[in-house]
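Residue-level structural notes
Spelled out from the first residue to the last, the chains are:
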Amino acid sequence: MPKIVLITGASSGIGRACAYFLAHHGFIVYAGSRTPSKLEESHPNLYPVALDLTNFEKIKQTIERIHAKHNTLDVVINNAGYGLISSVEHASEEDMQKQFDINVFSIFRVCKAAIPYMKNKKEKAVIINISSYFGKVSFPLFAFYSASKFAVEGLTDALAFELKGIGIRVHSVLPGFTKSNFTDANLVENLSTKDMQSSYKKVLSTLPKLMTNIQNGSEPTAVAQTILDTIQNKDADKRVYVENDSYKIFPLKDALTDDEQMIYRFYKLELEGMQIDKMDLKIAMDAKEILLKEYVSPPTISYLASLCATNKTKLQHTFKEVYKMTIPEYVKKLRLEKANILLKEYPTTIGEVAKAVGYQHQGNFSKLFFEVYGIHPKELLKQNC
Ligand SMILES: NC(=O)c1ccc[n+]([C@@H]2O[C@H](COP(=O)([O-])OP(=O)(O)OC[C@H]3O[C@@H](n4cnc5c(N)ncnc54)[C@H](OP(=O)(O)O)[C@@H]3O)[C@@H](O)[C@H]2O)c1
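Everything quoted here is computed from the prediction, not taken from an experiment.

What about the site of the ligand?
- In the neighbourhood of the ligand, 29 residues make up the surrounding shell, with Gly9, Ser11, Gly13, Ser33 and Gly81 lying closest.
- The element that contributes the greatest number of residues to the shell around the ligand is helix α1 (residues 13-24), accounting for 3 residues.
- A breakdown of the residues in the shell around the ligand according to their chemical character gives 13 nonpolar, 15 polar and 1 charged.

The structure is reproduced here in structure tokens:
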């Protein structure tokens with residue numbers, strides 16, 4: 001028996017690609033949209049349906065009709081969403097409410113209407129919420145959109161537990177930058193924020209780069225394939241990332257400062273006057289990540305360069321450009337920071353602290369510590385004992 005699917009926001013981009021993709025793979029797809037006429041290409045498995053996501057009664061009626069016809073509803077894909085670009089200062093009450101109404105509350109409405117028809121079936125039903133890379137990291141002027149996607153992550157977590165015992169799997173699928181209508185028809189821009197005279201000029205200058213990244217993003221079929229895999233894999237993770245360059249930042253997040261993260265997110269962005277090539281930035285960040293773990297006995301610079309797939313000169317130059325300090329200065333900084341914590345929190349001898357952070361000579365360590373913190377380690381230890 002073919003599975004019955006309802007997908008929202010199906011008139012363009014990811015929703016549209018997914019609706020046709022699943023129809024081609026034998027699913028019966030109800031493609032919900034404000035403008036079902038846009039799904040002009042007919043397919044025997046695809047039924048365009050008018051769906052106003054702000055109206056619970058209408059959603060309920062649509063789901064009842066689907067269920068009455070097939071006696072089942074197997075998969076719901078909550079895909080509809082749009083982005084609001086606005087500073088928090090300029091956003092109107094209406095802007096804020098609407099962003100959450102479509103991106104978050106519509107998911108609650110659809111789930112509330114669908115769960116009674118999906119629970120306790122012989123084969124588990126599946127709910128997939130389309131979240132985003134922005135559900136994990138934020139961008140300036142995207143506070144509302146990003147917060148709405150963080151909310152999608154939260155509601156997915158709760159629902160996954162809530163519905164586990166009654167036979168419904170719940171997942172969030174997180175696309176990275178993906179080609180769609182998102183930057184054209186469905187991006188709402190606040191004109192006061194957009195005014196180049198506004199105090200947000202600097203962060204506004206980041207937008208074109210972000211738009212280009214989305215326009216040059218992955219094909220929406222990559223998301224459709226991930227959705228299909230998630231439906232078919234009974235053991236799929238609760239949170240499913242669509243393979244995409246955007247995610248390379250995640251393992252580095254804790255190791256980077258806010259500014260570094262911002263540069264990485266936009267690649268070669270002229271923020272804070274830094275103009276660093278994407279590959280160079282990666283070399284410097286890879287080296288920093290290794291040093292963060294290995295500062296007690298760091299690798300030689302030549303070996304570190306080979307670990308970062310570059311040569312010694314390039315590494316030294318790039319590291320200094322990105323972090324405004326040399327590699328030995330960075331190692332010294334890490335060692336002394338750690339020593340400072342040890343001296344404050346774990347009373348022990350100076351010699352032991354020096355060794356723990358990689359200094360064999362207590363005298364050298366004490367001298368360096370004094371130069372940086374303006375206090376002798378002995379004094380610090382005395383104060384904290
Ligand atoms: N493109 C990306 O880079 C990207 C990355 C991560 C996540 N996403 C997410 O993926 C989902 C699909 O977006 P997309 O990139 O495919 O963009 P899209 O081509 O603009 O499609 C979004 C769909 O959402 C629906 N929608 C937009 N505004 C709406 C409103 N005010 N009321 C009701 N429905 C509305 C529309 O459906 P109808 O017109 O059919 O009603 C529209 O077709 C969204 O949730 C988006 O946040 C996109």
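Focus on the sheet that holds strand β1 (residues 4-7)
- Strand order in the open sheet made by the 7 strands is β3-β2-β1-β4-β6-β7-β9, with parallel pairing throughout. Each edge of the open sheet is held by one strand with a lone partner, namely β3 (46-50) and β9 (239-241). Averaged over all pairs of adjacent strands, the angle between their axes in this sheet comes to 20°, without regard to strand direction.
- Relative to β9, strand β7 (residues 168-174) runs parallel, the two sharing 3 bridges. Within β9, the residue paired with Ser172 across the bridge is Arg239.
- Where helix α4 (residues 143-164) meets the sheet, it contacts β6 (125-130) and β7, and its direction lies at approximately 160° from that of β7.

So, the pairing of strand β4 (residues 75-78)
- Neither face of β4 is left uncovered, since the one carrying Val75 and Ile77 and the one carrying Val76 and Asn78 both have all their residues buried.
- As paired elements, β1 and β4 share 3 bridges and run parallel to each other. Bridge assignment links Val5 to a residue of β4, and that residue is Val75.
- Where β4 lies against β6, 4 bridges are found, and the strand directions are parallel. Looking at β6, one finds that Asn78 is bridged to Asn129.

Section: the nonpolar core
- Ranked by internal contacts, the top residues of the largest apolar core, which has 65 residues, are Val5, Ile7, Cys18, Ala19, Val29, Leu73 and Ala114.
- Counting residues per element, this core draws most heavily on helix α3 (residues 93-118), which supplies 9 residues.
- Apart from residues no more than four positions distant in its own chain, Cys18 is found in contact with Ile7, Ile77, Asn79, Val223, Ala224 and Ile227.

Topic: the domain arrangement of the protein
- Structurally, the protein comprises domain 1 (4-243), domain 2 (252-324) and domain 3 (329-384).
- On a C-alpha basis, the centres of domain 1 and domain 2 stand 35 Å from each other.

Things to note about the packing of α1 against helix α8 (residues 220-232)
- Contact geometry for α1 and α8: axes closest at 8 Å, N-to-C directions at 55°. As summarised for this structure, α1 and α8 are arranged oblique, according to the angle between their axes. Crossing handedness for the pair α1 and α8: right-handed. Along the contact surface, α1 presents Gly13, Ile14, Ala17, Cys18, Phe21 and Leu22, while α8 presents Pro220, Thr221, Val223, Ala224, Ile227 and Leu228.
- Its residues assigned to classes, the contact of α1 with α8 shows 10 nonpolar, 2 polar and no charged.

So, the packing of helix α2 (residues 56-70) against α3
- Direction vectors running N to C along α2 and α3 enclose 30°, while the axes themselves pass 9 Å from each other. Of the possible angle classes, the one that applies to α2 and α3 is roughly parallel. The way α2 lies across α3 gives a crossing that is right-handed. Between α2 and α3, the residues in contact are Phe56, Ile59, Lys60, Ile63 and His67 and Arg109, Val110, Ala113, Ala114 and Tyr117, respectively.

Cut-off values and rules
- Residues numbered from 1 in each chain as written.
- Predicted model: local features only at pLDDT ≥ 70, side-chain atom pairs only at ≥ 80, totals over all residues.
- Near = placed C-beta within 6 Å.
- Helix = DSSP H or I, 4+ residues; strand = E, 2+ residues; numbered from the N terminus.
- Nonpolar A, V, L, I, M, F, W, Y, C, P; charged D, E, K, R; others polar.
- Pairing = 2+ DSSP bridges.
- Axes fitted to C-alpha atoms, helices over the stretch in contact; angles between N-to-C directions.
- Contact = placed C-beta atoms within 7 Å.
- Buried ≥ 20, exposed ≤ 12 C-beta atoms within 10 Å, placed from the backbone.
- Core = buried A, V, L, I, M, F, W, Y, C linked by C-beta atoms within 7 Å.
- Domains from an automatic or database assignment.
- Parallel < 35°, antiparallel > 145°, perpendicular 65-115°, else oblique.
- Left-handed = near helix turned anticlockwise from the far one by under 90°.

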